[in-house]
Amino acid sequence: MKINIVTILLFVISIFPQQTPLEKNNYKKLTSYDELTDFVHQLDDKSDYLNVEVIGKSLEGRNLYALKFSNSVFAEDTSKIKVLIFAQQHGDEQSGKEGALQLSSELLKPENIYLFEKIDFVLIPQMNPDGSEIDTRFNANGMDLNRNHLVLTEPETIAMHKLFDEYLFEATMDVHEYYPYTEEYLQYGYIKYFDEQVGTTTNPNVSERIRNFSNEEYLLFIESYLNERNYSFHNYIPGGPPEVNLIRYSTYDINDGRQSLGVQNSFSFIQEGKNGKDSIENIQKRAEGQFHGMLGFLGFVSMNKDRIKFMVIDERSKLISGEVSDSVAIQMEHVSNGEKIITPLRSLYSDSDSLITITDFRPVVKSIYDVDRPLGYLIPKNITELYDWALRQNLVISDLDITQDQVIQEYFVSKIDSIDFEGDTVVNPEVELKVFRNKIDEQDYYFVPTNQLKNNLIVIALEPKSMLGLVTYKQYEHLLKAGEYFPVLRVVNRNK
């Protein structure tokens with residue numbers, strides 16, 4: 001019997017994944033943008049499970065690729081769960097991109113196709129191609145993309161959020177690297193040396209049900225999964241060194257990738273691989289660690305598809321219907337609960353791990369200032385930068401239609417002070433909430449209701465005392481002036 005050579009070649013290709021550019025370069029050279037472009041298109045050409053799309057362009061005109069994996073029309077099968085992973089927001093954190101390219105190839109192997117029975121998956125392997133090309137943290141505008149997810153001024157973050165808003169992924173992961181060799185840790189003599197760290201959502205406005213499930217189930221799963229593959233793991237713990245500076249869990253700010261999606265009650269995480277002393281050092285193990293972390297995440301989501309999907313749907317419906325807490329935390333701090341942790345740190349002297357007791361550990365995020373959740377906010381039409389921001393955030397916006405049962409409130413700013421926010425200083429005005437003193441002209445305002453998916457985000461962004469709000473950003477600081485009324489108004493029920 002004559003065997004078709006083409007059939008054999010296709011069979012071999014299906015068994016052995018295509019080498020990534022990093023592998024072809026024998027781990028001596030990082031994947032360039034052009035190599036990444038060629039690679040993802042080659043994968044696309046060879047598989048019916050993958051469709052590569054351009055979701056936007058960087059400032060320097062490079063494509064932002066989204067790799068859409070599905071065994072059907074993407075997002076058409078509503079029984080599936082939708083998953084988004086995005087990597088390399090920081091251009092000098094190369095292993096996320098390299099691990100993502102390895103993942104894209106491995107997912108097309110026959111033994112991994114089963115995932116697409118339950119998952120429709122989008123992978124953005126490179127959020128910051130401009131920064132990657134010159135191995136720098138920032139994009140071509142000098143912006144840290146992972147501090148841009150609230151204001152959305154950069155084309156890279158705008159493109160990602162447009163994609164998210166289109167599909168409303170239930171599960172998301174943002175892939176980064178942490179740098180072990182900071183000056184403080186080098187002086188201390190011990191460094192964090194975990195192959196992978198994973199952080200959950202920490203903002204207290206995120207559904208407690210989702211936060212508990214993330215901490216109690218996923219973190220335990222991924223620790224075991226990575227350990228079985230000889231990769232070390234730890235909950236993501238910025239800060240330190242021990243006894244020099246406090247150690248905590250990750251930020252509660254909503255301007256990063258994980259938290260900006262988490263505050264919409266997504267099942268959302270940040271994964272932090274260990275960087276090298278430079279971007280190429282130990283890149284093989286770094287990339288493979290990131291790959292295994294991402295594949296483990298997909299496996300967990302697949303196994304728990306219905307639990308996660310229906311939990312997210314339920315918790316999101318509460319944001320949309322307003323069946324959430326009457327109050328929103330807008331100022332927070334990391335506090336101790338009396339817990340001390342013992343964690344392995346790598347000795348710079350013996351090159352072995354030592355168990356270090358961390359006494360100044362602050363794992364709890366505590367609200368120190370709440371506001372009552374209003375029905376919505378009134379944005380003056382003459383402040384175009386606020387309206388443009390609302391459009392970038394894809395918020396529901398309508399004309400004003402105040403009823404007899406509703407009251408308009410305004411803040412008088414008597415003084416502008418400051419407050420510590422995770423080691424930085426941000427504005428902290430003294431305000432007095434009053435009934436609006438003038439007759440409202442409905443033609444002068446847009447109404448932004450809070451009963452929508454970005455309910456929490458709207459309140460956090462638009463309150464003048466919010467330490468995470470728009471007024472803490474340079475382009476919006478002019479909205480806050482001592483001795484004047486804050487221009488954004490609140491709409492509440494009269495009986496409040």
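Residues numbered from 1 in each chain as written. Predicted model: local features only at pLDDT ≥ 70, side-chain atom pairs only at ≥ 80, totals over all residues. Heavy atoms only, no water.

**As for the side chain of Ser-250**
Here comes step 1: Along the chain, the position of Ser-250 falls in the loop between β9 (247-248) and α9 (257-262).
Here comes step 2: Note on Ser-250: relative accessible area 5%, which makes it buried.
Here comes step 3: There is a polar contact of 3.0 Å between the side chain of Ser-250 and the side chain of Arg-258.
Here comes step 4: Among all residues touching Ser-250, those that are not within four sequence positions of it are Thr-202, Tyr-236, Pro-238, Arg-258 and His-334. (Helix = DSSP H or I, 4+ residues; strand = E, 2+ residues; numbered from the N terminus. Buried < 20%, exposed > 50% of the residue type's maximum accessible area, 1.4 Å probe, protein only. Polar contact = N/O pair within 3.5 Å; in protein donor to acceptor, adjacent residues only side chain to side chain. Contact = heavy atoms within 4.5 Å.)

**A word on a nonpolar patch on the surface**
Here comes step 1: On the surface, Leu-186, Leu-348 and Tyr-349 cluster together into a nonpolar patch covering about 320 Å² of accessible area.
Here comes step 2: Relative to the assigned elements, Tyr-349 resides in the loop between β12 (341-347) and β13 (353-358). (Patch = residues over 30% accessible without salt bridge, like charges linked within 9 Å, V, L, I, M, F, W, Y side chains within 5 Å. Areas by Shrake-Rupley, 256 points an atom, 1.4 Å probe, with all protein chains shown as cover. Salt bridge = Lys/Arg side-chain N within 4 Å of Asp/Glu carboxyl O.)

**Focus on the nonpolar core**
Here comes step 1: Formed by 50 residues in total, the largest nonpolar core has its most connected members in Phe-121, Tyr-218, Phe-267 and Phe-297.
Here comes step 2: For Phe-267, the contacting residues outside a window of four places in its chain are Glu-170, Ala-171, Thr-172, Ile-210, Phe-213, Ser-214, Tyr-218, Phe-297, Phe-300, Val-301, Ile-308 and Val-312.
Here comes step 3: In terms of nonpolar packing, the next biggest core, distinct from the first, is built from 41 residues, Val-263, Val-371, Ile-379 and Met-467 among them. (Core = buried A, V, L, I, M, F, W, Y, C linked by side-chain atoms within 4.5 Å.)

**A word on helix α3 (residues 33-46)**
Here comes step 1: Under the 1.5 Å per step criterion, the end-to-end length of α3 is 20 Å for 14 residues, consistent within 8% with the ideal 20 Å.
Here comes step 2: Looking at α3, one finds that the buried residues are Tyr-33, Leu-36, Thr-37, Phe-39, Val-40, Leu-43 and Asp-44.
Here comes step 3: At its buried positions, α3 is contacted by α2 (21-24), β1 (50-57), β2 (63-69), α4 (94-106) and α5 (129-133). (Expected span 1.5 Å × (residues − 1).)

**Thoughts on the confidence of the model for the protein chain**
Here comes step 1: Counting all residues, the mean pLDDT for the protein chain is 95, and 96% of those residues have values of 70 or more.
Here comes step 2: Ranking the elements of the protein chain by mean pLDDT puts helix α1 (residues 5-15) last, at 46, and strand β3 (residues 81-87) first, at 99.
Here comes step 3: Note that pLDDT drops below 50 for residues 5-15; the model gives that stretch seven contacts with residues more than four away or on any other chain. (pLDDT = per-residue confidence, 0-100.)

**What to know about the packing of aromatic side chains**
Here comes step 1: According to the stated counting rule, one finds 27 aromatic pairs in the structure shown.
Here comes step 2: Their ring planes at 45° and their centres at 5.1 Å tell us that Phe-221 and Phe-300 sit as a pair that is tilted. You can see Phe-221 sitting in helix α8 (residues 208-228) and its partner Phe-300 sitting in helix α10 (residues 283-303), a full 79 residues away along the chain.
Here comes step 3: The class of Phe-300 is buried, set by a relative accessible area of 4%.
Here comes step 4: Ring pairing ties together the aromatic residues Phe-213, Tyr-218, Phe-221, Tyr-225, Phe-267, Phe-269, Phe-297 and Phe-300, which thus form one cluster.
Here comes step 5: Of note, Arg-229 hangs over the ring of Tyr-225, and the distance from its end group to the ring centre comes to 3.6 Å.
Here comes step 6: One Lys or Arg, Lys-465, reaches over the ring of Tyr-369 and ends 5.0 Å from the middle of that ring. (Phe/Tyr/Trp six-rings, centres within 6.5 Å; stacked < 30°, edge-to-face > 60°. Lys NZ or Arg CZ within 6 Å of the ring centre and 35° of its normal.)

**Description of the sheet that holds β3**
Here comes step 1: Taken in spatial order, the eight strands make up an open sheet running β1-β2-β4-β3-β5-β10-β7-β8, and their pairing is mixed. Each having just a single partner strand, β1 and β8 (233-235) make up the two edges of the open sheet. Recorded for the sheet is a direction-independent mean angle of 20° between the axes of neighbouring strands.
Here comes step 2: Examined bridge by bridge, β1 and β2 share seven bridges and lie antiparallel to one another. For Leu-50, the partnering residue across the bridge sits in β2 and is Phe-69. (Pairing = 2+ DSSP bridges. Axes fitted to C-alpha atoms, helices over the stretch in contact; angles between N-to-C directions.)

**Section: helix α13 (residues 455-462)**
Here comes step 1: The buried fraction of α13 amounts to eight of the eight residues, a majority that puts the element mostly inside the structure.
Here comes step 2: When we look at burial in α13, the residues that qualify are Asn-455, Asn-456, Leu-457, Ile-458, Val-459, Ile-460, Ala-461 and Leu-462.
Here comes step 3: Check the buried side of α13 and you find it contacts α11 (305-321), β11 (327-335), β15 (364-372), β16 (376-380), α12 (384-392) and β20 (445-449).

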